[in-house]
Amino acid sequence: MRSLEYERFGDPLQVLSLRERERPKPNAGEALLRMVLSPIHNHDLMTIAGSYGIKPPLPAIAGSEALGLVEELGPGVENLRVGQRVIGGGRQTWADFYLADAKQVRSIPDTIADETACQLIAMPLSAKMLLATLGLERGDWLVQNGANGAVGRLVSRFGAEKGIRVLSLVRRDAAVDELAAVGITNGVSTEQPGWEDRARKVIGDGTIRAGLDSIGGDGPAQLARLVADGGEIVIFGALSGEPIRLDPSVSIFRQITVRGFWGAKPNLPSEVIGGLLEELVTEASSGRLTLPTDGIFPLEQFGEALRATHEPGRAGKVILRGR
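Fair warning: this is a prediction, and the values are worked out from it, not measured in the lab. (Residues numbered from 1 in each chain as written. Predicted model: local features only at pLDDT ≥ 70, side-chain atom pairs only at ≥ 80, totals over all residues. Heavy atoms only, no water.)

1. Some words on the packing of helix H4 (residues 122-134) against helix H10 (residues 270-286)
Running from N to C, H4 and H10 point in directions that differ by 130 degrees, and their axes come no closer than 10 Å. By the angle class used here, H4 and H10 are oblique. Judged by the twist between their axes, the crossing of H4 over H10 is right-handed. Contacts from Pro124, Leu125, Lys128, Met129 and Ala132 of H4 reach H10 at Ile273, Leu276, Leu277, Glu279, Leu280 and Glu283. Residues of the contact of H4 with H10, tallied by class, amount to 8 nonpolar, no polar and 3 charged. (Axes fitted to C-alpha atoms, helices over the stretch in contact; angles between N-to-C directions. Helix = DSSP H or I, 4+ residues; strand = E, 2+ residues; numbered from the N terminus. Parallel < 35°, antiparallel > 145°, perpendicular 65-115°, else oblique. Left-handed = near helix turned anticlockwise from the far one by under 90°. Contact = heavy atoms within 4.5 Å. Nonpolar A, V, L, I, M, F, W, Y, C, P; charged D, E, K, R; others polar.)

2. Focus on the side chain of Gln84
Summarising the element assignment, Gln84 is placed in the loop between strand E5 (67-73) and strand E6 (85-87). Residue Gln84 is classed as buried on the basis of its relative accessible area, which comes to 10%. Side-chain polar atoms of Gln84 contact the backbone nitrogen of Arg81, separated by 2.9 Å. Sequence-distant contacts of Gln84, defined by excluding residues within four places in its chain, comprise Gly68, Leu69, Val70, Asn79 and Ser107. (Buried < 20%, exposed > 50% of the residue type's maximum accessible area, 1.4 Å probe, protein only. Polar contact = N/O pair within 3.5 Å; in protein donor to acceptor, adjacent residues only side chain to side chain.)

3. A few points about the sheet that holds strand E1 (residues 2-6)
If you trace the 3 strands from one edge of the open sheet to the other, you get E2-E1-E4, paired in antiparallel fashion. Whereas interior strands pair on both sides, the edge strands pair on one side only; in this sheet they are strand E2 (17-20) and strand E4 (60-61). Here 4 bridges tie E1 to E2, and the two strands are oriented antiparallel to one another. Bridge pairing links Glu5 to Ser17 in E2. (Pairing = 2+ DSSP bridges.)

4. Brief notes about the pairing of strand E15 (residues 293-298)
Relative to strand E16 (residues 317-321), E15 runs parallel, the two being bridged by 4 bridges. Across the sheet, Pro298 pairs through a bridge with Arg321, a residue of E16. Each parallel crossover has a hand, and the one from E15 via helix H11 (residues 302-309) to E16 is right-handed. (Right-handed = clockwise from strand over helix to strand, strands pointing away.)

5. Notes on the packing of aromatic side chains
The final tally for this structure, using the stated rule, is 2 aromatic pairs. For the ring pair Tyr52 and Trp262, a centre distance of 5.8 Å and an interplane angle of 85 degrees mean the geometry is edge-to-face. Of this pair, Tyr52 sits in the loop between helix H2 (42-49) and E4 while Trp262 sits in the loop between strand E14 (257-260) and H10, and the two are 210 residues apart along the sequence. What makes Tyr52 partly exposed here is its relative accessible area of 24%. Using a relative accessible area of 25% as the deciding quantity, one classes Trp262 as partly exposed. Between Arg23 and the ring centre of Phe97, over which it is positioned, the NZ or CZ distance is 4.0 Å. The residue whose ring lies beneath Lys55 is Phe9, and the NZ or CZ to ring-centre distance is 5.6 Å. (Phe/Tyr/Trp six-rings, centres within 6.5 Å; stacked < 30°, edge-to-face > 60°. Lys NZ or Arg CZ within 6 Å of the ring centre and 35° of its normal.)

Given below as structure tokens:
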């Protein structure tokens, strides 16, 4: 089989290579899955760079999420059958075949398109879990930066469904129109001076109880200008690659709590997470939830795919296709 591998951490364009290797055999409790589609997530690129919370032993095959077809079952696996379309439980998914923990694998209906199914867990589930940890109620305001990213767009959508009002900050003027084109209102660009006044005009007499930061660097300080005293700022991304810069007075005098969120350790009961995943499957199966793509590339064109992920104004995920 073919796989995208790296022997050292670094720039994915420099350290990834397409290689041939033996197809793995599933052990007890595992399933061998044929990769159909696998998205390129920011955390995949950070893992390859060595800057993510998980550092796999090297050499490693990249990728963390995929839509797969059950190819072979290991001993003791009874919840799956060969040929099923499945998501979840996978690792090292940027390959023609990958292994998955059978207990974490879930079959999905044929009514869910491949392009949506392959990215149904990481970003959508993170967005739902983020909202679940905030404890916001109908009518409350939430502000987020990097709002035109995958999680940001989903937070806006899922928040609106719960009656939570979301102020979406973006770094480009054009991104406000891009959000509006997909039905996301209350967008404000920080590209030009005076953005804070424009943001406050959007919320009117409202009070912002929480902020979501996906940028790092000065991102949390930017949110702190809008979050009310006693509120909280949740860090769940670091797109800038820079350390957080935040004046201590934000926490000391304004009593704003700053904490992190990681989808791998969401601090939610397993039954809550399972319920949120079922919501996503139901919404996707009914057609209410579709997840956009911005290019599908075969494994051998991984360089073009990686470059495409850095194009500004992308409408959706860049995806790799198996054989």
